[in-house]
Amino acid sequence: MNSLKLKPGREKSLLRRHPWIFASAIDQTSGRLEAGETVQVLSHQGEPLGWAAWSPDSQIRARMWSFDPADAIDLDFFRQKLQRAFQLREALALDPLTNAYRLVHAESDGLPGLILDRYGDVLVMQCLTAGMEAWREPLADVLMEMTGAACLYERSDADVRSLEGLPERTGVLRGRLPAGSLLLREHGLQFQVDVQKGHKTGFYLDQRDNRARLQAVARGRTVLNCFAYTGGFAVYALVGGAASVLSVDSSAEALALGRVNVALNSLPEGRDTWLEGDVFQVLRQMRDQARRFDLIVLDPPKFAPTVAQAERAARGYKDINLLALKLLAPGGLLFTFSCSGGVSPELFQKIVAGAALDAGVDARIVGVMAQGPDHPVALNFPEGAYLKGLILSV
Ligand code: SAH
């Protein structure tokens, strides 16, 4: 049987049920370990601690499937984990007017390496680890059977796959994509999503609740929507009665889809504008022109995937927050986010506080935001909490 034995004392994190085993924690292995295979995990004393998937190319050399030595890691095991994940989403009673949400959030649903998002009848899957890669084909059948979906589309093209020595792979895995454009419903609003080429699996589902919070305070305000992507925040701001919404993004394709999304929701014309550009430069120009807005959204891409990049990321966050705070009219609101796993909520708040100090503005926190509940955070896996946001009043 394949097994790995930990160095003395290195079982501590596993006893707290943290699912990662770093290469540096492993004393020896036995058997012929191939990428993705299941290995029994043993303490230094030889006591069985559970089962993990082997990732020979990654510093995270193994990830726990189960902390129960009596478990068998077979298709039934995965069926049960999926069942539990799906039941959780049902229990959340997501707005009946929402048909797009995350069904499986990797480690936080006990399934390291698996992301599964639902867009109505279409499932989009990411396999991010060698372990998940090994189960991908049999799981595809199980997923189709359990969900009754019309299509399972694979978007295994995230950067982290390279850390696992896995190539990018995208395409239809089961069923077929519906002809024409794919529309999703969120809080009764419609959005067109490109699951083949869009970011992540196509849409930033994690911001759903935060977009609704923006809608609630948008009435009458002039809005600057930075890092707009396909206009999620823009549509909600317009629905909430914003006086105007200027959306900035470096991707022309994303902005084009943003325009489509405004049109899809039959909103009054002439209140939305779309600007292709680099937010860092655009904010500087606006500062030089002494522009003012009543509400600004900063939802940048991941500046720091890991703690190691946190310092450089901190400069980026400080830069844009400082500029945005200067552009806010008195009484203005800033919705500011970080989706960097390497930046903790405490660090993020500190960076934003530093930005306010340097901008010379008196700001207070009037809201704290996170990813939606369909992106749960297992208590034994704090890394699962990646999205944090603050609402500041100036
Ligand atoms: N707020 C969006 C998601 C934003 S994702 C939503 O709710 O759907 C981050 C976006 O930032 C992407 O669309 C990407 O194209 C854009 N982007 C990345 N770097 C940028 C830069 N320097 N200037 C402008 N846009 C940038």
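Starting afresh in each chain, residues are numbered from 1 along the sequence in its written order. With the structure being a predicted model, the display of local features is reserved for residues of pLDDT at least 70 and the display and counting of side-chain atom pairs for 80 or more, all residues being used for whole-chain, interface and lining totals. Excluded from the side-chain calculation are hydrogens and water; included are all heavy atoms of the structure.

Right, let's talk about the overall build of the protein chain for a bit. Tallying secondary structure elements over the protein chain gives 10 helices and 20 strands in all. Here the globule rule reads 2.2 Å times residues to the power 0.38, and the radius of gyration is calculated from C-alpha atoms. A compact globule built from 394 residues would reach a C-alpha radius of gyration of about 21 Å, and the protein chain, at 22 Å, matches this within 12%. For the C-alpha atoms alone, the extent of the protein chain along its principal axes is close to 70 × 50 × 35 Å. Only protein chains enter the accessibility calculation, which uses a 1.4 Å probe. A residue is then buried if its area is under 20% of the maximum for its type, exposed if over 50%, and partly exposed in between. Residue burial in the protein chain is summarised as follows: out of 394 residues, 55% are buried. Throughout, a contact is declared for two residues whenever any of their heavy atoms are within 4.5 Å. Relative to all contacts within the protein chain whose residues are 6 or more apart in sequence, the contacts with residues 24 or more apart total 63%. Surface accessibility in these figures is a Shrake-Rupley result with a 1.4 Å probe; residues are shielded only by whichever protein chains are displayed. Surface exposure of the protein chain reaches about 17100 Å², of which carbon and sulfur atoms provide 51%. The distance from the centre of the 43 positive side-chain charges to the centre of the 45 negative ones in the protein chain is 4 Å. Secondary structure follows DSSP: runs of H or I at least 4 residues long count as helices, runs of E at least 2 residues long count as strands, and numbering of each begins at the N terminus. Positive charges come from Lys and Arg alone, negative charges from Asp and Glu alone, with His and the N- and C-terminal ends not counted. For charged residues, the charge sits on one atom: NZ in Lys, CZ in Arg, CG in Asp, CD in Glu.

Before going further, it helps to examine the sheet that holds strand β15 (residues 244-249). An order of β16-β15-β14-β17-β18-β20-β19 is seen for the 7 strands of this open sheet, with the pairing classed as mixed. A single partner strand is all that each edge strand has here, and the edge strands are β16 (272-276) and β19 (364-370). Neighbour-to-neighbour, the strand axes of the sheet open up by a mean angle of 15 degrees, direction not taken into account. Both strand β14 (residues 222-226) and strand β17 (residues 293-298) contribute to a ladder of 4 bridges, which runs parallel. Two strands qualify as a pair provided DSSP detects at least 2 bridges between them. Fitted lines through C-alpha atoms give the axes, limited to the stretch in contact for helices. The angle between two N-to-C directions lies from 0 to 180 degrees.

Right, let's talk about the site of the ligand for a bit. In the vicinity of the ligand lie 16 residues, with Arg-211, Asp-249, Asp-278, Val-279 and Asp-299 positioned nearest. As used in this structure description, the phrase polar contact means that two N or O atoms lie within 3.5 Å; if the pair is within protein, one of them must be able to donate a hydrogen and the other to accept it, and residues adjacent in sequence are counted only when both atoms belong to side chains. The contact in question runs from an oxygen atom of the ligand to an N or O atom on the side chain of Arg-211, over 2.9 Å. Taking Phe-227, its main chain carries an N or O atom lying 3.2 Å from a nitrogen atom of the ligand. The fraction of the free accessible surface of the ligand (590 Å²) that becomes covered by protein chains is 89%. Along the lines of polarity and charge, the residues of the shell around the ligand split into 8 nonpolar, 4 polar and 4 charged. A molecule or strand has a residue near it when one of that residue's heavy atoms lies within 4 Å. Residues were grouped as follows: Ala, Val, Leu, Ile, Met, Phe, Trp, Tyr, Cys and Pro as nonpolar; Asp, Glu, Lys and Arg as charged; and all remaining residues, including Gly, as polar.

The next thing to look at is the layout of surface pockets. By volume, the second largest pocket amounts to about 520 Å³. In this analysis the probe radius is 1.4 Å and the grid spacing 1 Å, with only protein atoms considered; a cavity is a set of points the probe fits into but cannot get out of, a pocket is an open set with protein on both sides within 12 Å along at least five of seven lines, and lining residues have an atom within 4 Å of a point. Forming the boundary of the second largest pocket are 25 residues, of which Trp-65, Lys-81, Arg-84, Asp-109 and Gly-110 lie nearest the centre. Those elements that place two or more of their residues in the lining of the second largest pocket are β6 (60-66) and α2 (75-91). Element by element, the count of residues in the lining of the second largest pocket is highest for α2, at 7 residues. For the lining of the second largest pocket, the per-class residue count stands at 11 nonpolar, 5 polar and 9 charged. Grid points are joined across faces, edges and corners, and a volume is the space filled by probe spheres set on the points.

Before going further, it helps to examine the domain arrangement of the protein chain. Taken domain by domain, the protein chain comprises domain 1 (3-66), domain 2 (75-180) and domain 3 (204-393). Here the C-alpha centroids of domain 2 and domain 3 sit 28 Å apart. Taken together, the contact pairs 14 residues of domain 2 with 12 residues of domain 3. Accessible area that two parts lose when put together, with a 1.4 Å probe and added across both, is what the buried area reports. Area buried by domain 2 at its contact with domain 3 is led by Arg-102, His-105 and Ser-108, which between them contribute 43% of it. Take a side-chain nitrogen of Lys or Arg and a carboxyl oxygen of Asp or Glu: if they are within 4 Å of each other, that pair is a salt bridge. Applying the counting criterion to the domain 2 and domain 3 interface returns 0 salt bridges. Across the domain 2-domain 3 interface, the total number found is 5 residue pairs in polar contact (both at pLDDT 80 or more). Contributions of two or more residues to the side of domain 2 that touches domain 3 are made by α2, β7 (100-105) and β8 (114-119). Element by element, the count of residues in the side of domain 2 that touches domain 3 is highest for β7, at 4 residues. Residue ranges assigned to the domains are those given by an automatic or database domain assignment.

Attention now goes to the packing of aromatic side chains. Any two aromatic rings considered together are summarised by their centre-to-centre distance and by the angle between their planes. Centres within 6.5 Å are what make two rings of Phe, Tyr or Trp a pair, Trp counting through its six-membered ring; a difference in plane orientation under 30 degrees is then read as stacked, over 60 as edge-to-face, and the rest as tilted. One pass over the full model with this rule turns up 12 aromatic pairs. On the basis of an interplanar angle of 80 degrees and a centroid distance of 6.2 Å, the ring pair of Trp-20 and Phe-22 is categorised as edge-to-face. Assessed through its relative accessible area of 18%, Trp-20 is described here as buried. Seen in terms of ring centroids, Phe-303 and Tyr-317 are 4.7 Å apart; in terms of plane orientation they differ by 45 degrees. Their pairing is tilted. Of this pair, Phe-303 sits in the loop between β17 and α9 (310-327) while Tyr-317 sits in helix α9, and the two are 14 residues apart along the sequence. Taken individually, Phe-303 and Tyr-317 each receive the classification buried, so the pair is uniform in this respect.

One full turn of an α-helix is made of 3.6 residues, so residues set three or four places apart face in the same direction. Taken residue by residue, helix α8 (residues 279-288) has Val-279, Val-282, Leu-283 and Met-286 as its buried positions. Buried residues of α8 fall within an arc of 100 degrees about the axis and therefore sit on the same side. Exposed residues pointing more than 90 degrees away from the buried face of α8 are listed as Gln-281 and Asp-288. On the buried face of α8, the contacting elements are β14, β15, β16, β17 and α9. Between the side-chain oxygen at the start of α8 and the backbone nitrogen of Phe-280 there is a gap of 3.1 Å, and the oxygen is on Asp-278. Directions pointing from the helix axis toward each C-beta atom define the arc.

As a further point, take the side chain of Thr-98. With respect to the secondary-structure elements, Thr-98 resides in the loop between α2 and β7. Of the polar contacts made by the side chain of Thr-98, one reaches the backbone nitrogen of His-187; its length is 3.0 Å. Setting aside chain neighbours within four positions, we find Thr-98 in contact with Arg-185, Glu-186, His-187 and Arg-208.

Burial within strand β9 (residues 122-127) is extensive, with 6 of its 6 residues counted as buried. The alternating pattern of β9 places Val-122, Val-124 and Gln-126 on one face and Leu-123, Met-125 and Cys-127 on the opposite face, and all of these are buried. Hairpin connection of β8 to β9: 2 residues between the antiparallel strands, including Gly-120 at a positive phi of 60 degrees. Relative to strand β10 (residues 151-156), β9 runs parallel, the two being bridged by 4 bridges. What sits directly across from Met-125, in β10, is Glu-154.

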